[in-house]
Amino acid sequence: MTEIRLAEKRRTIHVMVAHVTAPTAALLDVLPAWVTLLRAPNPGPMTLDGTNTWILRDHGVVIDPGPLDEGHLAAIAEYAPIRRILVTHGHFDHVEGAARLSELLGGVPVAAADPAHCIDSEPVHDDNGIQVLAVPGHTSDSVAFVVDDVVFTGDTILGRGTTVVAWPDGNLGDYLASLEKLEALGKVPVLPGHGPALADCAAAARFYRDHRLARLDQVRATGSRDAQRIVEIVYADVDRALWPAAEASVRAQLAYLELTP
Ligand SMILES: [Zn+2]
C-alpha cells in the first residue's frame, strides 16, 4: 500500500467512517496470569483469526468453547478439571462445540443467557466471582463476564474491527445502551470473542459508540430506506464478503432511526 493510501486510511479511520479492521483501542500486553487463550481454527471474515476460547484456570471455567472441532475441544479438555462451560451468546462459532466439550469433561453444565439459543444449557448466573452482565445488541442473548477487573465481551466488543448488530435479533438501541454499561466499567482489560485482548474497555466502548453514530449519520445522509442500496453506498470500501453482515447492521440502523427520529 502506498504512503498516500495509508495516509488516506488513517484519515478515514480518524473521522470514523471507514470499516475498521485495526484494533480500536490499545492492545493488552500480557493476559492475566489465571487466563489461557485457545484460539479455534475457524478463521474467516466474521470470525477474524478464529473464535477465542478463554480458560479461567483458577475458576475451572471455560468461556465460549467455539466450533465443533475435535482438536480444539481436546486441547481445552486438557485443562480439566473444569466444572462449568459459559457462553457469551448463542452464535454457532461460540457454542457449536459446547455439548461435545461437556461430554469430554464428563458432563459438566453449559450455561447460557438464553438456553433456547444453546442446546442443553441452563440459565447463566453470577457464580464464584464471575459476574454476568447483560449486554444485548449484537444478539438479544449477549452477555459479558466480569471477573477480577477484567471483562470477557464476546462479540459485543471485538479485539479488531467493529461488530455486527445482527438484526432482527440484534437491536441498535440495546447495543448502544450495552456499550454505555461497558464504558462504565472503566479502564479494564477486554478479553473479546475474536481478535487480540484490549487494554481499556471504556476507550473501546467509546470508539464503538462513535463509530455506530457515524454510521447512523451516513445511513441517514443517503436518504434511502433500501438496505441493499445503502450498503452499496456506505460500505463501498468494505470487502463484499462482509456485505450480508453490513446489511444486517443497516437494517438495525433503519429500525433504530424509525424509532428515534
Ligand atoms: Zn463470534
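Residues numbered from 1 in each chain as written. Predicted model: local features only at pLDDT ≥ 70, side-chain atom pairs only at ≥ 80, totals over all residues. Heavy atoms only, no water.

A few words on the overall build of the protein chain. The number of helices and strands found in the protein chain is 8 helices and 10 strands. For the protein chain, the C-alpha radius of gyration of 18 Å lies close to 18 Å, the compact-globule estimate for 261 residues. Along the longest, intermediate and shortest principal axes, the C-alpha atoms of the protein chain span 55 × 40 × 35 Å. When the accessible area of the protein chain is evaluated, it comes to approximately 11,600 Å², of which 54% is carbon and sulfur surface. Of the side-chain charges in the protein chain, 21 are positive and 34 negative, and the distance between the mean point of each set is 8 Å. (Helix = DSSP H or I, 4+ residues; strand = E, 2+ residues; numbered from the N terminus. Rg over C-alpha atoms; globule rule 2.2 N^0.38 Å. Areas by Shrake-Rupley, 256 points an atom, 1.4 Å probe, with all protein chains shown as cover. Lys, Arg positive; Asp, Glu negative; His and termini not counted. Charge placed at Lys NZ, Arg CZ, Asp CG, Glu CD.)

Let us look at the pattern of salt bridges. Taken as a whole and judged by the stated rule, the model has 14 salt bridges. Linking Arg 160 and Asp 49 is a salt bridge whose minimum nitrogen-to-oxygen distance equals 2.9 Å. Placement of the pair is Arg 160 in the loop between strand 9 (150-154) and helix 5 (172-183) and Asp 49 in the loop between strand 1 (35-39) and strand 2 (52-56), with a sequence separation of 111 residues. Between Arg 83 and Asp 127 there is a salt bridge, with its nearest N and O atoms 3.2 Å apart. Residue Arg 83 is located in the loop between helix 2 (70-77) and strand 4 (84-86), and its partner Asp 127 is located in the loop between strand 6 (122-123) and strand 7 (131-134); the two are separated by 44 residues in the primary sequence. Put simply, Arg 83, Arg 84, Glu 122 and Asp 127 are held in one network by salt bridges that share partners. (Salt bridge = Lys/Arg side-chain N within 4 Å of Asp/Glu carboxyl O.)

A few words now on helix 7 (residues 227-234). Residue pairs three or four apart in sequence face the same way in an α-helix, which turns once every 3.6 residues. Within helix 7, burial applies to Ala 227, Ile 230, Val 231 and Val 234. All buried residues of helix 7 lie within an arc of 105 degrees about the axis, which places them on one face of the element. Backbone nitrogen of Gln 228 and a side-chain oxygen of the N-cap are separated by 3.1 Å at the start of helix 7; the cap is Asp 226. (Buried < 20%, exposed > 50% of the residue type's maximum accessible area, 1.4 Å probe, protein only. Arc of directions from axis to C-beta. Polar contact = N/O pair within 3.5 Å; in protein donor to acceptor, adjacent residues only side chain to side chain.)

With that out of the way, let us pick up the packing of helix 6 (residues 201-222) against helix 7. Viewed as axis vectors pointing N to C, helix 6 and helix 7 meet at an angle of 115 degrees, and their least axial separation amounts to 10 Å. Crossing geometry of helix 6 relative to helix 7 is assigned as right-handed. Residues Arg 215, Gln 218, Val 219 and Thr 222 of helix 6 touch helix 7, and the partners they reach there are Ile 230, Ile 233 and Val 234. A class-by-class count of the residues in the contact of helix 6 with helix 7 yields 4 nonpolar, 2 polar and 1 charged. (Axes fitted to C-alpha atoms, helices over the stretch in contact; angles between N-to-C directions. Left-handed = near helix turned anticlockwise from the far one by under 90°. Contact = heavy atoms within 4.5 Å. Nonpolar A, V, L, I, M, F, W, Y, C, P; charged D, E, K, R; others polar.)

Turning next to empty space enclosed by the protein. By the definition in use, this model includes 1 cavity of 30 Å³ or more. Quantified by volume, the largest cavity comes out at close to 30 Å³. What lines the largest cavity is Arg 84, Leu 86, Val 124, His 125, Asp 127, Ile 130, Val 132 and Phe 145. Residue classes in the lining of the largest cavity are distributed as 5 nonpolar, 1 polar and 2 charged. (1 Å grid on protein atoms, 1.4 Å probe; cavity = no way out; pocket = protein on both sides within 12 Å on 5 of 7 lines; lining within 4 Å. Points joined across faces, edges and corners; volume = space filled by probe spheres on them.)

This brings us to the packing of helix 5 against helix 6. For the pair helix 5 and helix 6, the least separation of the axes is 8 Å and the interaxial angle reads 155 degrees. Accordingly, the angle class assigned to the pair helix 5 and helix 6 is roughly antiparallel. Where helix 5 crosses over helix 6, the two elements pack in a sense that is left-handed. For the pair helix 5 and helix 6, contact is made by Leu 172, Tyr 175, Leu 176, Leu 179, Leu 182 and Glu 183 and by Cys 201, Ala 202, Ala 205, Arg 206, Tyr 208, Arg 209, Arg 212, Leu 213 and Leu 216, respectively. Its residues assigned to classes, the contact of helix 5 with helix 6 shows 11 nonpolar, no polar and 4 charged. (Parallel < 35°, antiparallel > 145°, perpendicular 65-115°, else oblique.)

What follows covers the environment of His 194. Summarising the element assignment, His 194 is placed in the loop between strand 10 (190-192) and helix 6. With a relative accessible area of 0%, His 194 lands in the buried category. Dropping the residues within four chain positions of it, His 194 is found in contact with Met 46, Thr 47, Leu 48, Gly 50, Thr 51, Asn 52, Asp 93, His 94, Asp 155, Leu 158, Gly 159 and Arg 160. In terms of polar contacts, His 194 uses its side chain to reach the backbone carbonyl oxygen of Thr 47, at 2.9 Å.

We now examine the sheet that holds strand 10. Spatially, 7-8-9-10 is the arrangement adopted by the 4 strands of the open sheet, whose pairing is mixed. Each having just a single partner strand, strand 7 and strand 10 make up the two edges of the open sheet. Shown here is a sheet whose adjacent strand axes are inclined to one another by a mean of 25 degrees, direction ignored. Sheet analysis places strand 8 (residues 143-147) next to strand 9, joined by 3 bridges and oriented antiparallel. Across the sheet, Val 146 pairs through a bridge with Val 151, a residue of strand 9. Against the sheet, helix 5 contacts strand 7, strand 8 and strand 9, and its axis sits at roughly 145 degrees relative to strand 7. (Pairing = 2+ DSSP bridges.)

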